[in-house]
Amino acid sequence: MGTAWSTAYARTRILGQLAPGQLRVLHYHLSVHPGRGEPCGSLVLTKNLALQRGPGPLHIVEVRNFYTHGRLVADHRGFIGREITTSGIYQARVTLPIPQQAPPGRYDVVSLLYARWGHGSPALIARASTTFRIAP
């Protein structure tokens, strides 16, 4: 699987603001459609995120890992802080191409969101996962 996927987040509703330096993730969920794919095809990963955040610069990074048979087969790291600028409900869709050499079986997608205010240390703020299958 390649790692050059970009994600565009769209905010659909504004939630109340928190104080500067505060952040609360209310919901983070992943889903893949369709749940089964074939080599050389593609799937769509949908990410739903609801959060409240205070004003000021916030750096949010998503680390997305793909596993099959307990083994890491692909990963992606993306900065999404420019898109998650205010409290709200966000949804993103990203196409996942399936390489020709992808072995059949179950794949687990794990997404971790890390946040950092200013020059502080990154902290894990949310985790979500989903699965899909590659047909033989």
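All values derive from a computational prediction rather than experimental measurement. (Residues numbered from 1 in each chain as written. Predicted model: local features only at pLDDT ≥ 70, side-chain atom pairs only at ≥ 80, totals over all residues. Heavy atoms only, no water.)

Caption draft 1: Broad picture of the packing of aromatic side chains. As enumerated under the stated definition, the model contains one aromatic pair in all. With a centroid separation of 5.3 Å and 5° between ring planes, the pair formed by Tyr107 and Phe132 is classed as stacked. In this pair, Tyr107 is assigned in strand E8 (residues 105-117) and Phe132 in strand E9 (residues 123-134), connecting sequence segments 25 residues apart. Each of the two residues, Tyr107 as well as Phe132, counts as buried. (Phe/Tyr/Trp six-rings, centres within 6.5 Å; stacked < 30°, edge-to-face > 60°. Helix = DSSP H or I, 4+ residues; strand = E, 2+ residues; numbered from the N terminus. Buried < 20%, exposed > 50% of the residue type's maximum accessible area, 1.4 Å probe, protein only.)

Caption draft 2: Quick peek at the side chain of Glu62. Locating Glu62 in the fold gives a position in strand E5 (residues 58-68). Taking the relative accessible area as the measure of exposure, Glu62 reaches 1% and is therefore buried. In terms of polar contacts, Glu62 uses its side chain to reach the side chain of Arg64, at 3.3 Å. Separated by 2.7 Å, the side chains of Glu62 and Ser111 make a polar contact. Residues within four places of Glu62 in sequence aside, it is in contact with Tyr9, Tyr28, Lys47, His76, Arg77, Gly78, Ser111, Leu112 and Leu113. (Polar contact = N/O pair within 3.5 Å; in protein donor to acceptor, adjacent residues only side chain to side chain. Contact = heavy atoms within 4.5 Å.)

Caption draft 3: Quick look at the sheet that holds strand E3 (residues 36-37). Strand order in the open sheet formed by five strands is E3-E9-E8-E5-E6, with mixed pairing between adjacent strands. The open sheet has two free edges, formed respectively by E3 and strand E6 (71-79), since each of these has just one partner strand. The pairing of E8 with E9 spans eleven bridges and is antiparallel. Pairing of Gly105 across the sheet is with Ile134, part of E9. (Pairing = 2+ DSSP bridges.)

Caption draft 4: How the structure looks around the nonpolar core. Judged by nonpolar contacts, the single largest core of 28 residues is most densely connected at Tyr28, Leu45, Leu49, Ile84 and Phe132. Elements that contribute at least two residues to this core include exactly strand E2 (23-33), strand E4 (42-53), E5, strand E7 (88-97), E8 and E9. Discounting residues that sit within four places of it in the chain, Leu45 has contacts with Leu30, Ser31, Val32, Arg64, Ala92, Arg93, Val94, Leu96, Val109 and Thr130. (Core = buried A, V, L, I, M, F, W, Y, C linked by side-chain atoms within 4.5 Å.)

Caption draft 5: View of the confidence of the model for the protein. Per-residue confidence for the protein gives a mean pLDDT of 88; residues scoring 70 or more make up 90%. Confidence, expressed as mean pLDDT per element, reaches its minimum in the protein at strand E1 (residues 8-13) with 66 and its maximum at E9 with 97. (pLDDT = per-residue confidence, 0-100.)

Caption draft 6: Quick peek at the pairing of E9. Across two bridges, E3 lies against E9 in parallel orientation. Bridging across to E9, Arg36 finds its partner in Arg133. Where E8 hands over to E9, the hairpin turn is made up of five residues, of which Gly118 adopts a positive phi near 55°.

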